[in-house]
Structure formats: structure tokens, C-alpha cells
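Chain by chain, the residues run as shown.
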Amino acid sequence: MESLSFLVIAIGILGFALISGRVQRSIVTAPMVFVTFGFVVARGLGVVELEMEDPLIHTLAELTLVLVLFTDASRIDLGLLRREHDLPVRLLTIGLPMCIVLGGLLAVALFDFGLWEAAVLAAMLAPTDAALGQAVVSIQEVPVRIRQALNVESGLNDGIALPVFLLFLSFAGAAEQVAPTSYWIRFAALQLILGPLVGIAVGYFGGKLVERGSRTGWINRSFQDLSALGLSLLAFAVAELVGGNGFIAAFTAGLTLGNTSRAICSCLYEFAEAEGQLLTLLIFTVFGAVMVPLALEHVGWRVIGYAVVSLTIIRMIPAAMSLIGARLQPDTVLFLGWFGPRGIATILFALLMLERAALSGGEQILVVAMTTVLLSVFAHGITAYPLAKWYAARAEEMGEEPGMAELEQVSEMPVRISYAE
């Protein structure tokens, strides 16, 4: 990347920082701004030159995915999740698998994909990014149980969908490569088994070392913060060296640390939040500069149709099915169903697919996935603030009725905050 490109991107980040407080409670979101910014400076003005094959993009994507998976998982208190947060558990254990199944079936019906290629696309689009609709998770008048349902779901579903995505990617590769099927099965097994084992070890022992060093004064505050990056990269690197999957290791390391060394987690969040936001906004800039033009060049009615159905029916039906028996009002179910945006995880999974597998339908999968993300960035971003205010008013009306499930109090977990907060 040339110096001029760095200069333009730096000016864009600084420019948005200067107005971020004013746009926070509006229909304008940071992802919308940076996607547009990336598209304009790369394709409109031509002052930023980026290519999909640029090693810097893939390095940036890998670093972002490692840090996002690690920090998202570290915020989840599994004991609290089991005791109080039944809504995200329902969305993750029932809604997420149904979403993948329906998405795969629709992909087979609409496109010339093999079964495993369709499954790759469906798994790629399964994770949600609640922060795309920042107002929904930040407006305090929205009942905490509903906000936390979307927040916790978003924090966990990328890590849950990742091994499924990698498994489908291996099967898709096995269907197209000359290597025997046994090779791909062994490869997938090593990736899915060694990764979690390494992650658990690094998260537990690394967390205990940082915790002990903090307690005895051997580690100062600054390096407590830096340990988040160090532990996540350590889990990734060790897993890759022994034949496991580094991204799964980063997720399980974060989950382990967050539940065995919670005393040090607050300082990790402070560091990772700023760095994580910077990395994700850079990814959205790359998305606008490189992926949006590709999507627009190849978009067709089937691609748009799939994107629309993916964001509505394929999300809403599984969400509604998973919430049967939760005693929620129909408008609450619709609210939870609509706010399942597709964002950073889908972009990063797509880059991972391009780097690790040469699928015959890879470009078409990329076009469909990126069109869906583009539509989601603007559709969910524009509707988040007005719908959050409407639902907050609806929740106030619910407060006049006894025993409303939406208003049950739950403990808050520090899941990923909004990009502009």
C-alpha cells in the first residue's frame, strides 16, 4: 500500500473521529461511513489502490479476526449465560443451525453450487454483527434482556459458526481437489480438535500468569492491556504450528480466559476495544474499496433476491422458531428477527475462503456474501435508531402490564460495544 493510501485512510479515520459523537444517535453509522469512504477513495477518486490479492489485506483480516474472536469470547460469562440468558441460547442453539440449513437450501435452488459450496455460503452468512445497528444495543430504554440477547448472540455466533464454516470449506475442497477424501477428513479433524485444545491451554495458563503478575505487581497496567493481543496471537500461532486452526484457538482461548481469570478481563477490554474498532473500521474501508466494486460488477436479480431473503426470511423464521415458548410479544420477535445484521465476520470469513480454498464457485460465493453485507450495512444502519426508539416506547407501554417477559431483569455482560460508541 502506497504512502498516499495510508494518508487518505488516516485522514478518513481522523475525520470521522471528529464527528463521531454527533452521528452516534442518528441513522448514520460508522460502517456506513467507512464502506462509502472506501468505495469513493478507491473507485471514485482513485487515490487509494488496493487489490484483493494484496498480502496486507489478508494479514489485516487475519489479525482482526483473531482479536475479534478472542475478545468477544472473553466477555461471555458461561455461568451467567446458563442461568439468565435463555434468549441468546435459544437463538444460538436453534436459530443458528436453522439459518445455515435454510440458507444452504436457498443457495442450491438459486445458484449453480454444489452442496458443500452452498453450505459454505450459508455458514459464511450465519454470524450476526449487532453493532451494525448500534442504537439497538446502546439505547438504554430498550429492555436490557432484549439488548443483551442481540449482544450475546453477536458475541458468540461468529466463534460457533467458524468451525462449521471451516468444516464445509474442507468438504467443498475435497469435492474439487485431487487429494483423497481421507486427507481432507484428517485435515478437518486436526483443525477442529487441536485448535480448541491449544486455545484452552493458552487461555487458562496464560490468563493465570497475567493474573498472578498483575496481583504481585510484576506486570504494569499498560502491559496488562497488551496481554490481550499477546495471548490471542499466541493461541493462533501455536495452533497453526501444530496443525490446528488458529482462529478456533483464539476463540476458545478468549472463552477460557474470560471464565477462569475474570479479574484481569476489564483491562483487556479497554485495550482491545480501541484496537478492535480500528481494525474493524479498516476492514470496512477495504470492503468498500475492493469487495463492493466486485459485488456491483456481478450483481444480478438472483444475487439481490438471495441477499434480501437471507436478511429477512432466513433470519426471521429461525429466530421466531427458536423463541417459541419464551412468552415474547410478536413485535419483540420481529424486532429480534430483523436485527440480525451481517457484517465483519462474514467479510473476514470470505477473505479466509479466498486464502485457504480454491473453489470453482468461489467468486460467485463472494459476490453473494458481499452483496448481502452491503445491503445489511445500510438497511440495518438506517433503521436501527428509529426502530430502537419505537421499540423503547413499546417497552414503556409493556411496563404497564404485569409479568411481561421482555422486562425480566438479567445481568449485563460486557459484550462488544457499538463501533461509534
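Further up the page is the structure itself.
Once a new chain begins, its residue numbering starts again from 1 and follows that chain's sequence as written. Reporting of local features is limited, given that this is a predicted model, to residues whose pLDDT is at least 70; pairs of side-chain atoms are given and counted only at 80 or more, and all residues count toward the totals for whole chains, interfaces and linings. Values reported for side chains reflect all heavy atoms of the structure, with hydrogen atoms and water molecules removed beforehand.

Peer 1: Sorry if this is basic, but what is going on with the overall build of the protein here?
Peer 2: Working definition: helices are DSSP H or I runs of at least four residues, strands are E runs of at least two. Numbering for both runs from the N terminus. Counting secondary structure elements, the protein contains 17 helices and zero strands. Atoms counted for the radius of gyration: C-alpha only. Globule rule: 2.2 Å times the number of residues to the power 0.38. A globule of 421 residues ought to have a C-alpha radius of gyration of about 22 Å, and the protein, at 21 Å, matches this closely. For the protein, the spread of C-alpha atoms along the three principal axes comes to 65 × 60 × 50 Å. Partly exposed residues are those whose accessible area sits between 20% and 50% of the maximum for their type, while under 20% is buried and over 50% is exposed, using a 1.4 Å probe and protein chains only. Burial statistics for the protein: of 421 residues in total, 58% are counted as buried. For the protein, the share of sequence-separated contacts (at least 6 apart) that also reach a separation of at least 24 residues comes to 86%. Residue exposure ignores everything except the shown protein chains as possible cover, and the areas themselves are Shrake-Rupley values with a 1.4 Å probe. Taken as a whole, the protein presents about 17100 Å² of accessible surface, with 67% of it coming from carbon and sulfur. Contacts are residue-level and defined by heavy atoms, with any inter-residue pair within 4.5 Å sufficient.

Peer 1: Looking at this structure, how should I read helix α3 (residues 55-74)?
Peer 2: Side chains of residues three or four places apart in an α-helix project in the same direction, reflecting 3.6 residues per turn. End to end, α3 covers 29 Å across 20 residues, agreeing with the expected 28 Å (1.5 Å per residue, within 8%). What qualifies as a polar contact is a pair of N or O atoms within 3.5 Å, subject to a donor-acceptor requirement within protein and to the restriction that residues adjacent in sequence count only when both atoms come from side chains. Where α3 begins, the capping side chain belongs to D54, and its oxygen is found 2.9 Å from the backbone nitrogen of L56. The length a helix should cover is 1.5 Å for every residue beyond the first.

Peer 1: I'm lost on the packing of aromatic side chains in this one. Help?
Peer 2: Ring pairs (aromatic) are described by centroid distance and by the angle formed between their planes. In this scheme Phe, Tyr and Trp rings, the latter by its six-membered ring, pair at centre separations within 6.5 Å, and the angle between planes marks the pair as stacked below 30 degrees, edge-to-face above 60, and tilted otherwise. For the coordinates displayed, the defined rule picks out 13 aromatic pairs. Between W390 and Y391, the ring centres sit 6.1 Å apart and the planes meet at 55°, which makes this aromatic pair tilted. An aromatic cluster of three or more residues is present, and its members are F335, W338, F339, W390 and Y391.

Peer 1: Sorry, what's going on with helix α14 (residues 313-322) here?
Peer 2: For α14, the set of buried residues is I314, R315, P318, A319 and S322. For α14, the arc enclosing every buried residue in end-on projection is 115°, short of the 170-degree limit, so these residues lie on one face. Directions drawn from the helix axis to the C-beta atoms are what define this arc.

Peer 1: Is there a simple way to think about a nonpolar patch on the surface in this case?
Peer 2: A cluster of nonpolar side chains, namely F39, V40, L45 and L296, defines an oily patch on the protein surface of about 340 Å² accessible area. Relative to the elements of secondary structure, F39 occurs in helix α2 (residues 30-44). Residue classification places F39 among the partly exposed positions, given a relative accessible area of 30%. Residues forming no salt bridge and having over 30% relative accessible area are the ones grouped into patches, like charges within 9 Å of each other and nonpolar side chains (Val, Leu, Ile, Met, Phe, Trp, Tyr) within 5 Å. Salt bridges are defined by distance alone: a side-chain nitrogen of Lys or Arg within 4 Å of a carboxyl oxygen of Asp or Glu.

Peer 1: Sorry if this is basic, but what is going on with unusual backbone geometry here?
Peer 2: Residues apart from glycine generally show negative phi values, whereas peptide bonds are mostly found in trans. A positive phi angle is found at R327, which is not glycine, with a value near 65°. Residue position: R327 is located in the loop between α14 and α15 (330-338). According to the relative accessible area criterion, R327 is exposed, its value standing at 51%.

Peer 1: Whenever I open this one, the side chain of T346 confuses me. Can you help?
Peer 2: Along the chain, T346 turns up in helix α16 (residues 344-356). By relative accessible area, T346 is classed as buried at 0%. In this view, T346 contacts M124, L125, P127, A369, M370 and V373; residues no more than four positions away in its chain are not counted.

Peer 1: It is not clear to me how the pattern of salt bridges should be interpreted in this structure. Could you clarify?
Peer 2: Two side chains carrying opposite charge are able to pair once their charged atoms lie near each other. Throughout the structure, instances matching the rule amount to nine salt bridges. Across the salt bridge formed by R145 and D86, the nearest N and O atoms sit 2.7 Å from each other. One end of the pair, R145, is in helix α8 (residues 144-176); the other, D86, is in helix α5 (residues 86-110), with 59 residues separating them in the sequence. Residue classification places R145 among the buried positions, given a relative accessible area of 6%. Looking at D86, the relative accessible area reads 31%, which means it is partly exposed. The salt bridge partner of K208 is E211, with a shortest N-O separation of 3.6 Å. Of this pair, K208 and E211 are both found in helix α9 (residues 181-216), three residues apart, which corresponds to roughly one turn of the helix.

Peer 1: I keep staring at the packing of helix α6 (residues 115-124) against helix α17 (residues 362-398) and nothing clicks. Help me out?
Peer 2: To characterise two packed helices, one gives the angle between the axes of the helices and the distance between these axes. All axes here are fitted lines through C-alpha atoms, helices being fitted over the stretch that makes contact, and every angle between N-to-C directions spans 0 to 180 degrees. At a minimum axis separation of 10 Å, α6 and α17 run at an interaxial angle of 25°. When the axes of α6 and α17 are compared, the pair comes out roughly parallel. In this structure, α6 meets α17 at a crossing whose hand is right-handed. For the pair α6 and α17, the contacting residues are E117, V120, L121 and M124 in the first and I365, V368 and A369 in the second. The scheme is simple: roughly parallel for angles under 35 degrees, roughly antiparallel for over 145, roughly perpendicular for 65 to 115, oblique for anything else. Crossing handedness: left-handed means the near helix sits turned counterclockwise from the far one by under a right angle, and right-handed means the same turn made clockwise.

Peer 1: Explanation requested: the packing of α6 against α16 in the structure shown.
Peer 2: At a closest axis distance of 9 Å, the pairing of α6 and α16 adopts a crossing angle of 145°. Note on element contacts: α16 touches α6 through T346, F349, A350 and M353, opposite V120, A123 and M124. Residue type decides the class: Asp, Glu, Lys and Arg count as charged, Ala, Val, Leu, Ile, Met, Phe, Trp, Tyr, Cys and Pro as nonpolar, and the leftover types, Gly among them, as polar. Of the residues contributing to the contact of α6 with α16, the split by class is six nonpolar, one polar and no charged.

Peer 1: Please clarify how the environment of E153 should be interpreted in this entry.
Peer 2: Mapped onto the fold, E153 is located in helix α8. For the pair E153 and L87, spaced 66 residues apart in sequence, the C-alpha to C-alpha distance is 8.7 Å. Those residues within four positions of E153 in sequence are excluded, and the remaining contacts are P88, L91, L92, T128, Q148 and R315.

Peer 1: Is there a simple way to think about the environment of D86 in this case?
Peer 2: When the C-alpha atoms of D86 and G199 are compared, they prove to be 26 Å apart, with 113 residues separating the residues in sequence. Only 2.7 Å separates the side chain of D86 from the side chain of R145, close enough to count as a polar contact.

Peer 1: How should I be thinking about the side chain of E117 in this particular structure?
Peer 2: Following the sequence through the fold, E117 ends up in helix α6. In summary, the charge assignment counts Lys and Arg as positive and Asp and Glu as negative, without counting His or the chain termini. As a buried residue without a salt bridge, E117 has its nearest oppositely charged side chain in R302, at a separation of 12 Å. A polar atom in the side chain of E117 sits 3.0 Å from the backbone nitrogen of G361.

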